[in-house]
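Notes for the structure review
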Amino acid sequence: MTSNGRVKPPRLSRALLSLLLHSRDRRFALADLDEDFERDISRYGAPAARRRYTIQVVRSILPGIRLRLKHHSHGTRPRRRPTPSTRGYSMRHLLTDFRYAFRTLAKAPLAMVVTVVSLGLGIGATTFVFTVTNAFLFRAPGGVATAEDMVTIYTSGSDGELYGGTSFPDYQTILEEVPALERVAAIRYGAVNLGDETPPRRLFAEIVTGNYFGVLGVSLPLGRGFLPEETAIGTAERVAVISHRLWQEELAGDADVIGRTLRMDGHSFTVVGVAPEGMVSRLLGLKVDVWVPLGIPGGTFRATPQALQNRGDRDFQIMARPRPGTSVAQVEAQLSVMAQRLYAAYPEEWQNEMGESRVMTVLDSDTLVPPTMRAALGVFAGILFALAGMILLIACSNIAGIFLARANQRRREMAVRISLGAGRRRLLAMLLTESLVPALAGGLLGIVIAVGATRTLATVRLPIGIPLEFDFTMDPRVLGFATLVSVLSALVFGLAPALEASRPDLVPSLKNVSGTAGKRPGRFGMRNLLVVAQVASSVVLLVGSGIAIRTLQGATAIDLGFSSDRIAIMSKTLAADEAPPTDVVRAAKDLVAHLGALPDVEAAHISRSAEGTILSDLSNAEIRVGGFTSPNSGEPTVNYNSVTPGYLETLQVPVLRGRSLTNGDRWGATLVAVVNQGFVSRYWPGSGGLGQRFTITNQRSGDDLVQRAEQTFEVVGVVANGRYADIDDDATPFFWSAFYQDPERQALIHLKGRTSAESMLHVLRTEVRLEAGEYTLLVPTTYDEMISLQTAFYGVVGKVLGAAGVFGLVLVVVGIYGVVSFAATARMREVAIRQAVGAKRTQVVQTVARDGIGLSLVGVAVGVGIAALLSGLGESAVYGVSPLDPIAFAVPVGVLLAAAVAASLIPARRITRLDLMQVLREE
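Residues numbered from 1 in each chain as written. Predicted model: local features only at pLDDT ≥ 70, side-chain atom pairs only at ≥ 80, totals over all residues. Heavy atoms only, no water.

Turning our attention to the pairing of strand β2 (residues 181–194). In terms of residue burial, β2 counts as a mostly covered element, since twelve of its 14 residues are buried. By the bridge criterion, six bridges tie β2 to strand β9 (residues 317–322) in an arrangement that is antiparallel. Bridged to A186 within β9 is I318. Relative to strand β3 (residues 201–208), β2 runs antiparallel, the two sharing eight bridges. Within β3, the residue paired with N193 across the bridge is R202. (Buried < 20%, exposed > 50% of the residue type's maximum accessible area, 1.4 Å probe, protein only. Helix = DSSP H or I, 4+ residues; strand = E, 2+ residues; numbered from the N terminus. Pairing = 2+ DSSP bridges.)

Let us look at the confidence of the model for the protein chain. In low-pLDDT regions, the fine details of the predicted coordinates are not to be read closely. In this model, the protein chain carries an average pLDDT of 77, and 74% of its residues clear a pLDDT of 70 or more. This stretch, residues 512–524, has a pLDDT under 50; its non-local contacts, to residues over four places away or in other chains, come to 21 contacts. (pLDDT = per-residue confidence, 0-100. Contact = heavy atoms within 4.5 Å.)

With that out of the way, let us pick up helix α17 (residues 581–596). Between its first and last C-alpha, α17 extends 22 Å over 16 residues, near the 22 Å set by a 1.5 Å rise per residue. Listing the buried residues of α17 in full gives V584, V585, A588, L591, V592 and L595. Viewed end-on, α17 has its buried residues packed into an arc of 135 degrees, placing them on one side of the element. Looking at the buried side of α17, the elements it contacts are β11 (567–573), β12 (601–607), β21 (746–753) and α20 (757–767). (Expected span 1.5 Å × (residues − 1). Arc of directions from axis to C-beta.)

Before going further, it helps to examine the pattern of salt bridges. Taken as a whole and assessed by the stated rule, the structure comprises 15 salt bridges. Residues R188 and D313 are paired through a salt bridge, measuring 3.0 Å at the closest nitrogen-oxygen approach. Note that R188 is positioned in strand β2 and D313 in the loop between α9 (305–309) and β9, a separation of 125 residues in sequence. For the pair R188 and D313, a shared accessibility class is recorded, and that class is buried. Between R586 and D583 there is a salt bridge, with its nearest N and O atoms 2.8 Å apart. Of the two residues, R586 and D583 both sit in helix α17, three residues apart, roughly one turn of that helix. Note on R586: relative accessible area 47%, which makes it partly exposed. Judged by its relative accessible area of 29%, D583 falls in the partly exposed class. (Salt bridge = Lys/Arg side-chain N within 4 Å of Asp/Glu carboxyl O.)

A few words on the packing of aromatic side chains. Two numbers describe a pair of aromatic rings. These are the distance of the centres and the angle of the planes. Throughout the structure, instances matching the rule amount to 21 aromatic pairs. Centroid distance F694 to F713: 5.8 Å. Interplanar angle 15 degrees. Geometry classified as stacked. Pair noted here: F694 is in strand β17 (residues 693–701) and F713 is in strand β19 (residues 711–719), with a separation of 19 residues, a long-range link. For the pair shown, F694 and F713 are each scored as buried. Ring-pair connections join several aromatic residues into one group, and the members of that group are Y640, F679, Y683, W684, F694, F713 and F735. We note R311 situated over the ring of Y346; from NZ or CZ to the ring centre the distance is 4.1 Å. The side chain of R314 reaches across the aromatic face of W350, ending 5.1 Å from its centre. (Phe/Tyr/Trp six-rings, centres within 6.5 Å; stacked < 30°, edge-to-face > 60°. Lys NZ or Arg CZ within 6 Å of the ring centre and 35° of its normal.)

Let us now look at the side chain of K752. Note that K752 resides in strand β21. Summary of buried charges: K752 has no salt-bridge partner, and the nearest side chain of opposite charge, E602, is 4.0 Å away. Dropping the residues within four chain positions of it, K752 is found in contact with D565, R566, I567, D600, V601, E602, A603, T650, Q652 and M760. (Lys, Arg positive; Asp, Glu negative; His and termini not counted.)

The next thing to look at is a nonpolar patch on the surface. Judged by side-chain polarity, L440, L484, V487, L488 and L491 come together as a nonpolar surface patch covering roughly 390 Å² of accessible area. If you tally residues by element for the nonpolar patch, the top one is helix α14 (residues 476–501), at four residues. Tracing the backbone through its elements, the reader meets L484 in helix α14. By relative accessible area, which is 48% here, L484 ends up partly exposed. (Patch = residues over 30% accessible without salt bridge, like charges linked within 9 Å, V, L, I, M, F, W, Y side chains within 5 Å. Areas by Shrake-Rupley, 256 points an atom, 1.4 Å probe, with all protein chains shown as cover.)

A few words on helix α1 (residues 11–20). An α-helical segment advances 3.6 residues per turn. Residues three or four places apart therefore align on the same side. Among all positions in α1, only S13, L17, S18 and L20 are buried. The buried residues of α1 occupy one face: seen down the axis, they fall within an arc of 165 degrees. Turned more than 90 degrees from where α1 packs its buried face, R11, L12 and L19 sit exposed.

Structural data, given as structure tokens:
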């Protein structure tokens, strides 16, 4: 008898039988004898049971010797005749397992639905991210036949960035001095107006060299491309290739479209071809409506004769095909020699801000995303993949918990299969097939979800009116990825339950004994660890969402230093390229007078740019300040705006010293400027700034150098710092010049309404007349909407993380509920006994619910630690809020703990309502 009072069978008899039998037979024989021994104890008592046990062993000696000799004569191990269940796994077995899996899973429809939907959302999220990444980073732009043989040539920008645009004179030099290239094409992006009605329809255009379609390897389904005689620079003809979309929408798919004319920018263009359906620009998938040749007399949008001769106008993209057998390194070597010669011949145009020569770079891969954006997009895609992967892991861990519970319920089935000769590998294959069925169904649902999400994304339009078109079709790469994720998910959530189910304790399982009755499940069992991981992951997602939302709140609540309230803006061409500055000034004054006299308009202004928007960063000038030496050898570049009188007052920019710009600052008068305090602190520290002078040496629009005569300005006013150029810094130097002294042909109209900005949108659309050939790059929009683009990223991240966090929270609640329910079921006998001896219901509920609440606390602690670590690493991306913001941490944690407590109490309270006597009788 053991110390706990349990009677054991005779040791000598048991040892004798163990030595006599082979290991394969020993387990089953001893198990049968043990079962009989337990039954005999209850019937005859311990002494009689021990005698009966010894008698059974003695009777087994002779048959055991015979069996042992038989095994020995056939080898050291007994050999069984192979049965279908132990032979190699074949297609027949696979089909059998699939049929059985469908029957088994059909018996638990709710669990099947939860599994498929959870996996569908997780796999759909990962497939959606991969589809977008594939479209931007791995797939060539639509319509390109042989992109793998093509290279793209870049010229470094004024800030040293390698992947900038190239000037047209440099393109012509490439044709002459780089023999390694067989064909070279130049492209410039622009817009034209279709028709003569008011307002005209704006078309996005690519102005290209005549060999454009040939270099890209694009075959036109209708008509032809450009002929050499049609595209000579300076004498090019007004011919056009139109998009498939424009052909269908404007020309009703007319089969006789070739030879028809279209009115664009007040001129007639002859249609010579139709581009393939789906062909877009090679820049971010911009929808191109029409392609026209460079070099048309008088020019087209931004491709004027002056632009084609300006070596500082770097707004052309260069694409080429190397000669057969020529490497990219050879092309780069020849371009490097050419670049050094151009730097020596044109130092002003070929010098960057650091006073160094620009360089030329060749890339043999071409995607929708420019190289300058690929690294950032790669990082963002990595973050999204991590997010989607976290959602999928939460779903998989939750489903693994469900399958572990099912494995516990199927121990008797597995024991019977093993007793009948099924091998463990065969059982594993069968169980993993059961996991694969819902995983593949979830994968199909995930593909449907990803298709819907990408279609929604494809319809997104930027507020500035630039149409983009992305090809998010499910190509073999995407479908293969979704299938791989589905199979891996099946392994992730199915392997541990399969291993658990395929090694049951045979005797208790065959006797249908729970094996866990009366015992508390291990604190760190597999199901519990899964719940901890779920809770931690959900905490990370919810805290990340909270930080993103708090960052958005902080970014939108900051003081910009000016007011954009009730203001709407749009772009406008004030005069022709060849018009003198006085004509631009006259047109601006007439437009301001006309709009300002309208009853709903409080103020009307013309400016070069718009503070606090992405446009502000494109307007800058190289300046020279007496007594100031730049840390670099080049001259400093400062953002600025050229505005009409009263503009600063309309934006409520406070003047600290001096005066604002007035009507007295007119054409021909002394050039004046108003600067911010940051400008004074940078260039004249310790000075008030008034009366100081600086000289604009060159004007820039982005990286395009606009050569102009030097102009010296006198500072007449100093205003408070604000986020005029950089929304992250309110002390960045900035200045304003008088528009009537420093006019700009391409300008912005600002209208401030008496009631709202929306009312001004209608005024801009109806009162601003577009002349023939005039375009509107920035369609009427509110100033606030333009500013919101600066912080839109945080809003998107907050919504994505929030949706992921809510989904994770739901899965966590389901997981905790399942763990507590499983533990409560396993402890029914214990609960019944506790209640039978007088335990209060509240005590029992606390005891049972403690598991779920304890796991939640552990998961929260782990999740908060991980979230704090990640927040610290991403501190540079957080704006206006601490990475450890207490609200961003406390609210998600509080919500999750409340949900966890509820999920733990519900099954705990339910078990206390069971029939005590019925539970005890069953046990």
